[in-house]
Amino acid sequence: SGSGKTTFVRLLQLLYGVQNGRISIDGQNIANGSRASLRSAISLVPQDPILFHRSLRDNIAYGKPTATMDDVREAARLAHIDTFIESLPHKYDTLVGERGIELSGGEQQRIAIARAILADRPILILDEATSSLDSASEKAIQEALHTLTHGRTAVMIAHRLSTILDADRILVFDQGRIVEQGTHQELIARENGIYAGLFQLQSGGFITE
């Protein structure tokens, strides 16, 4: 906590200006392009999703206003939120309340994940995207996340290491610096490593490889 992970994500979206060095995507310095162009290529699932006092359909389709109802339903299915929505009296026309107050934290996150699935952008940022899910819901949604990340660049910020076991490259941050990097297998093999220690703390029946 407090090591700079979320700051990095804000830098990537040009919410902060880069003071030293540069961030490049496909070799292009993001500071040289337009913010609109950059952000149109990014889908973000934040730890605290931003929902609007509109219908569930409108909230899911926010990133793609031209989406059909069938598109919205498919995104909800992949995010494992469709059964819940269909159980509501007004289904996809249900209003979520100011900032999604009518939904639980886990339901809000699954709506945000459905929104990212529907937006279908080349860069995906998941900022503690499963933090409000119980263990059963997290396991169910990891398959959807695997589908969502396939074929695109995915930046996944996580304290719960079960989210990133299959990552191509894991970076361990500590006090604003990258102190370890590698695959899951490489990092757990490091004796007295930070990642290995965190994994041991969390693997008491909660994580399976």
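See the structure shown above.
Criteria and cut-off values
- Counting restarts for each chain: residues are numbered from 1 in the order of the written sequence.
- pLDDT decides what is reported in this predicted model: residues at 70 or higher carry local features, side-chain atom pairs at 80 or more are listed and counted, and totals for whole chains, interfaces and linings draw on all residues regardless.
- Calculated side-chain values reflect all of the structure's heavy atoms, with hydrogen atoms and water omitted.
- By the criteria applied, helices consist of DSSP H or I runs no shorter than four residues and strands consist of E runs no shorter than two, each listed in order from the N terminus.
- The globule rule used here is 2.2 Å times the number of residues to the 0.38 power, and the radius of gyration it is set against is calculated over C-alpha atoms.
- For every residue, the accessible area obtained with a 1.4 Å probe (protein chains only) is divided by the maximum for its type, and the residue is called buried under 20%, exposed over 50%, and partly exposed between those limits.
- In what follows, a contact means two residues having at least one pair of non-hydrogen atoms within 4.5 Å.
- Here the Shrake-Rupley method, with its probe set to 1.4 Å, supplies the accessible areas, and only the displayed protein chains count as covering residues.
- Residues scored as charged are limited to Lys and Arg (positive) and Asp and Glu (negative), so that His and the chain ends carry no count.
- Throughout, a charge is located at the NZ atom of Lys, the CZ atom of Arg, the CG atom of Asp or the CD atom of Glu.
- Here, a salt bridge means any Lys or Arg side-chain nitrogen found within 4 Å of an Asp or Glu carboxyl oxygen.
- Any N or O atom pair separated by 3.5 Å or less is treated as a polar contact, with the protein-specific requirement of one donor-capable and one acceptor-capable atom, and with residues adjacent in sequence counted only for side-chain atom pairs.
- The directions considered for the arc run from the helix axis to the C-beta atoms.
- We call two strands paired when DSSP finds no fewer than two bridges between them.
- Whenever a helix is involved, its axis is fitted only over the stretch in contact; in every case the axis is a line through C-alpha atoms, and angles between N-to-C directions fall within 0 to 180 degrees.
- Multiplying one less than the number of residues by 1.5 Å gives the expected span of a helix.
- Pairing of aromatic side chains requires ring centres within 6.5 Å, counting the rings of Phe and Tyr and the six-membered ring of Trp. Pairs whose planes differ by under 30 degrees are stacked, by over 60 edge-to-face, and all others tilted.

Q: Quick question: what am I supposed to make of the overall build of the protein here?
A: Scanning the protein from terminus to terminus reveals nine helices and seven strands. Here the C-alpha radius of gyration of the protein, 18 Å, is about what a compact globule of 209 residues would show, namely 17 Å. Once the C-alpha set of the protein is aligned to its principal axes, its extents read approximately 55 × 45 × 30 Å. Buried residues in the protein amount to 41% of all 209 residues. Taking the contacts inside the protein whose residues are at least 6 apart along the sequence as the reference set, 62% of them involve residues at least 24 apart. A total of about 12200 Å² of accessible surface is found on the protein, and carbon and sulfur atoms cover 48% of it. Here the protein contributes 21 positive and 25 negative side-chain charges, whose respective centroids are spaced 7 Å apart.

Q: What am I meant to see in the side chain of Glu180 here?
A: Positionally, Glu180 belongs in strand β7 (residues 177–182). Lacking a salt bridge, the buried Glu180 has Arg190 as its closest oppositely charged neighbour, with an N-O distance of 4.7 Å. A distance of 3.2 Å separates a polar side-chain atom of Glu180 from the backbone nitrogen of Tyr195. Among all residues touching Glu180, those that are not within four sequence positions of it are Ile170, Leu171, Val172, Leu187, Arg190, Gly193, Ile194 and Tyr195.

Q: I keep staring at helix α9 (residues 194–202) and nothing clicks. Help me out?
A: An α-helical turn contains 3.6 residues, so any two residues separated by three or four positions project in the same direction. Of all the residues in α9, the buried ones are Tyr195, Ala196 and Phe199. Looking down the long axis of α9, one finds its buried residues gathered within 100 degrees of arc, a one-sided arrangement. The exposed residues of α9 that point more than 90 degrees off its buried face are Gln200 and Leu201. Summarising the contacts, the buried residues of α9 are in contact with β6 (170–174), β7 and α8 (184–188).

Q: Got a minute to help me understand the sheet that holds strand β3 (residues 42–45) in this structure?
A: Spatially, three strands are ordered β3-β4-β5 in an open sheet, and the strand pairing comes out parallel. At either end of the open sheet lies a strand with only one pairing partner, and these are β3 and β5 (153–157). In this sheet, adjacent strand axes meet at a mean angle of 10 degrees when their direction is disregarded. Where strand β4 (residues 123–127) and β5 come together, five bridges link them in parallel fashion. Among the inter-strand pairings, Ile123 is bridged to a residue of β5, identified as Thr153. Strands β3, β4 and β5 of the sheet are contacted by helix α1 (residues 5–12), whose axis makes an angle of about 150 degrees with β5. Each of β3 and β4 is contacted by helix α6 (residues 105–119), which is oriented at about 170 degrees to β3, the strand it contacts most.

Q: Got a minute to help me understand the pattern of salt bridges in this structure?
A: A side chain with one charge can pair with a side chain of the opposite charge if their charged atoms come near. With the rule as written, the count across this model stands at five salt bridges. Measuring nitrogen to oxygen at the nearest pair gives 3.8 Å for the salt bridge that ties Lys91 to Glu86. In this structure Glu86 comes out as partly exposed when scored by relative accessible area, which is 34%.

Q: What exactly am I supposed to notice about α6 here?
A: The end-to-end C-alpha distance of α6, which contains 15 residues, comes to 21 Å, matching closely the 21 Å that a straight helix rising 1.5 Å per residue would cover. Positioned one or two residues after α6, Asp120 has a phi angle of 55 degrees, which is positive.

Q: Mind showing me how you'd approach the packing of aromatic side chains here?
A: In this structure the tally under the stated criterion is one aromatic pair. Look at Phe52 and Tyr62: their rings are 4.9 Å apart centre to centre, the planes differ by 45 degrees, and that puts the pair in the tilted class. Here Phe52 is found in the loop between β3 and α3 (56–60), whereas its partner Tyr62 is found in the loop between α3 and α4 (69–78), with 10 residues between them in sequence.

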